[in-house]
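So you can see what is in the structure, the chains are spelled out below.
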Amino acid sequence: MNILKPSMEAIRNASVLVVGDAMLDRYWFGDASRISPEAPVPVVKVTRTEDRLGGAANVARNSASLEARTSLLAIIGDDEAGTKIMDLLEASKVRPCLYRAENFTTTLKLRILARNQQMLRTDFESSVAGTVLDQHSHRFTSLLPDHDVVILSDYGKGGLDRIENMIQEGRTFGRPILIDPKGDDYSRYKDATVITPNRNELAQVVGKWNSEADLFNRAQNLRKELNLEKILLTRSEEGMTLFDDDGAWTVPAHAREVYDVSGAGDTVISVLGVMLSAGCDWHTAVYIANQAGGIVVGKLGTATVTPEELFNTL
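Computed from a prediction, not measured in an experiment: that's the story for all the values here.

Reading the values: rules and limits
- Residues numbered from 1 in each chain as written.
- Predicted model: local features only at pLDDT ≥ 70, side-chain atom pairs only at ≥ 80, totals over all residues.
- Heavy atoms only, no water.
- Salt bridge = Lys/Arg side-chain N within 4 Å of Asp/Glu carboxyl O.
- Buried < 20%, exposed > 50% of the residue type's maximum accessible area, 1.4 Å probe, protein only.
- Phe/Tyr/Trp six-rings, centres within 6.5 Å; stacked < 30°, edge-to-face > 60°.
- Helix = DSSP H or I, 4+ residues; strand = E, 2+ residues; numbered from the N terminus.
- Lys NZ or Arg CZ within 6 Å of the ring centre and 35° of its normal.
- Polar contact = N/O pair within 3.5 Å; in protein donor to acceptor, adjacent residues only side chain to side chain.
- Contact = heavy atoms within 4.5 Å.
- Expected span 1.5 Å × (residues − 1).
- Arc of directions from axis to C-beta.
- Pairing = 2+ DSSP bridges.
- Axes fitted to C-alpha atoms, helices over the stretch in contact; angles between N-to-C directions.
- Patch = residues over 30% accessible without salt bridge, like charges linked within 9 Å, V, L, I, M, F, W, Y side chains within 5 Å.
- Areas by Shrake-Rupley, 256 points an atom, 1.4 Å probe, with all protein chains shown as cover.
- Lys, Arg positive; Asp, Glu negative; His and termini not counted.
- Charge placed at Lys NZ, Arg CZ, Asp CG, Glu CD.

A.B. asks: Summarise the pattern of salt bridges; cite the residues concerned and give the values.
C.D. replies: The full count for this structure, using the stated rule, is 21 salt bridges. Between Glu238 and Arg235 there is a salt bridge whose closest N-O contact spans 3.2 Å. Residue Glu238 is classed as partly exposed on the basis of its relative accessible area of 37%. For Arg235, a relative accessible area of 3% gives the class buried. One network of salt bridges, in which partners are shared, links Arg199, Glu212, Arg235, Glu237 and Glu238.

A.B. asks: Please set out the packing of aromatic side chains residue by residue, giving values where relevant.
C.D. replies: Tallied over the full model, the rule gives 3 aromatic pairs. Look at Phe216 and Phe243: their rings are 6.4 Å apart centre to centre, the planes differ by 55 degrees, and that puts the pair in the tilted class. Residue Phe216 is found in helix H7 (residues 212–225), and its partner Phe243 is found in strand E12 (residues 240–244); the two are separated by 27 residues along the sequence. Over the ring of Phe29 we find Arg48, and its NZ or CZ is 4.0 Å from the ring centre. Looking at Arg52, its charged tip hangs above the ring of Tyr27, at a distance of 5.1 Å from the centre.

A.B. asks: Any details on the side chain of Arg188? Residues and values, ideally.
C.D. replies: In this fold, Arg188 is placed in the loop between strand E9 (177–180) and strand E10 (194–195). Taking the relative accessible area as the measure of exposure, Arg188 reaches 18% and is therefore buried. For Arg188, the side chain forms a polar contact with the side chain of Asp154, separated by 2.4 Å. Discounting chain neighbours no more than four positions away, the residues touching Arg188 are Asp154, Leu160, Asp161, Ile163, Glu164 and Ile167.

A.B. asks: With reference to specific residues and values, describe helix H3 (residues 80–91).
C.D. replies: Between its terminal C-alpha atoms H3 stretches 17 Å, which fits the 16 Å expected from 12 residues at 1.5 Å a residue. Every buried residue belonging to H3 is among Ala81, Gly82, Ile85, Leu88 and Leu89, and all of these are buried. All buried residues of H3 fall inside an arc of 125 degrees around its axis, so they share one side. Of the exposed residues in H3, the ones pointing more than 90 degrees away from its buried face are Glu90 and Ala91. Looking at the packing, one finds that the buried side of H3 touches strand E2 (22–35), strand E3 (42–55), helix H2 (56–65), strand E4 (69–77) and strand E5 (95–101). Positive backbone phi, at 65 degrees, marks Lys93, one or two positions downstream of H3.

A.B. asks: Account for the sheet that holds strand E6 (residues 107–114), with residues named and values stated.
C.D. replies: One open sheet accounts for 4 strands, arranged E3-E2-E6-E7; its pairing is mixed. The outermost strands of the open sheet, each flanked by one partner alone, are E3 and strand E7 (117–124). Along the sheet, successive strands turn relative to each other by an average axial angle of 20 degrees, direction set aside. Bridging between E6 and E7 involves 7 bridges; their strand directions are antiparallel. Bridge assignment links Leu108 to a residue of E7, and that residue is Phe124.

A.B. asks: Describe a negative patch on the surface, naming the residues involved and giving the relevant values.
C.D. replies: Together, Asp161, Glu164, Asp184 and Asp185 give the surface a local cluster of negative charge. Positionally, Asp185 belongs in the loop between E9 and E10.

A.B. asks: Any details on helix H8 (residues 264–277)? Residues and values, ideally.
C.D. replies: Structural remark: α-helix, 3.6 residues per turn; residues separated by three or four positions point the same way. Look at H8: 20 Å from first C-alpha to last across 14 residues, which is about the 20 Å you get at 1.5 Å a residue. By the criterion of burial, H8 is predominantly enclosed, with 13 of the 14 residues buried. Backbone geometry just downstream of H8 places Gly279 in the positive-phi region, at approximately 100 degrees.

A.B. asks: Report on the sheet that holds E5, specifying residues and quantitative values.
C.D. replies: Read from one edge of the open sheet, 9 strands run E5-E4-E1-E8-E9-E10-E11-E12-E13, paired in mixed fashion. Edge strands, defined here as strands with exactly one partner in the open sheet, are E5 and strand E13 (247–251). When E4 meets E5, the two strands line up parallel, connected through 7 bridges. Residue pairing for E5: Ser71 is matched across the bridge by Arg95. Each of E4 and E5 is contacted by H3, which is oriented at about 170 degrees to E5, the strand it contacts most. Against the sheet, helix H4 (residues 130–143) makes contact with strand E1 (15–20), E4, E5 and strand E8 (149–153), and its axis sits at roughly 170 degrees relative to E4, the strand it touches most.

A.B. asks: Could you give an account of the pairing of E9, naming the residues involved and the relevant values?
C.D. replies: Residues Ile177 and Ile179 point to one face of E9 and Leu178 and Asp180 to the other, with burial holding for every one of them. In terms of strand pairing, E8 meets E9 through 4 bridges, oriented parallel. The partner of Ile151 across the bridge, within E9, is Leu178. Two strands pair when backbone bridges link them, and E9 and E10 are joined in this way by 2 bridges, in the parallel orientation. Paired with Leu178 across the strands is Val194, a residue of E10.

Right under this line is the structure:
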């Protein structure tokens, strides 16, 4: 297809509001050359540590990496991980709209790697109080007028427990609502503009399909049931398929070495949102988002793409 990529001026003028579950991805890198005398497990001698933005914060980071004006609305704890998220957002040029809640643990995923192979992951998290969510919703309302596109990044950690209200407010205000879904109950995403499940996530909701025709029927039935304008199915080595009133349109994956798929969905939805905000049509936005996803799977952990990396592949 003939891709008319947006200008950098259009991208820099794009305004994206990301809302959802912000996380901190912490990596401990080292070497494992012996087995512990205490238990049959490897001993990892840590030689380097690194912190990265994860979850909704990684979506915002990806948007800002393309130089779009980006805000992140999320709940964090009054703890070390929350402070680190704020520091990393500032370094990534993301506007932080964060609520620091007492008695709340910022979601932290600690990964221990030896020779770049993950040995262990441990998670720290807690639930969100209803009063905090109410204040969160009020802030969402105040931020809507300043943004062209809304991305709701649902990681099932509680930050989007008021998502139905956010969808209705956003649509009433005329904003496209893009959702990266979680879980097996998609009824909460009713009336959104688009959801972007991967194959496993969609199969949890509509069941496993045995042919392209079967997939088409299941996806379109779900779309109509939830009154969605579109469903964008990310299919790994099979590329992506966009389902809407015009039918189904598939953009193939570009062959490249897959190193790490973590965070690829964050990149896809953020680039999709930026491209739509910059004035691209849906097919162009999906094509460019597919290119971006193919780039980040060649990088370790949650990663981003730069405008140079992305547009040099088009």
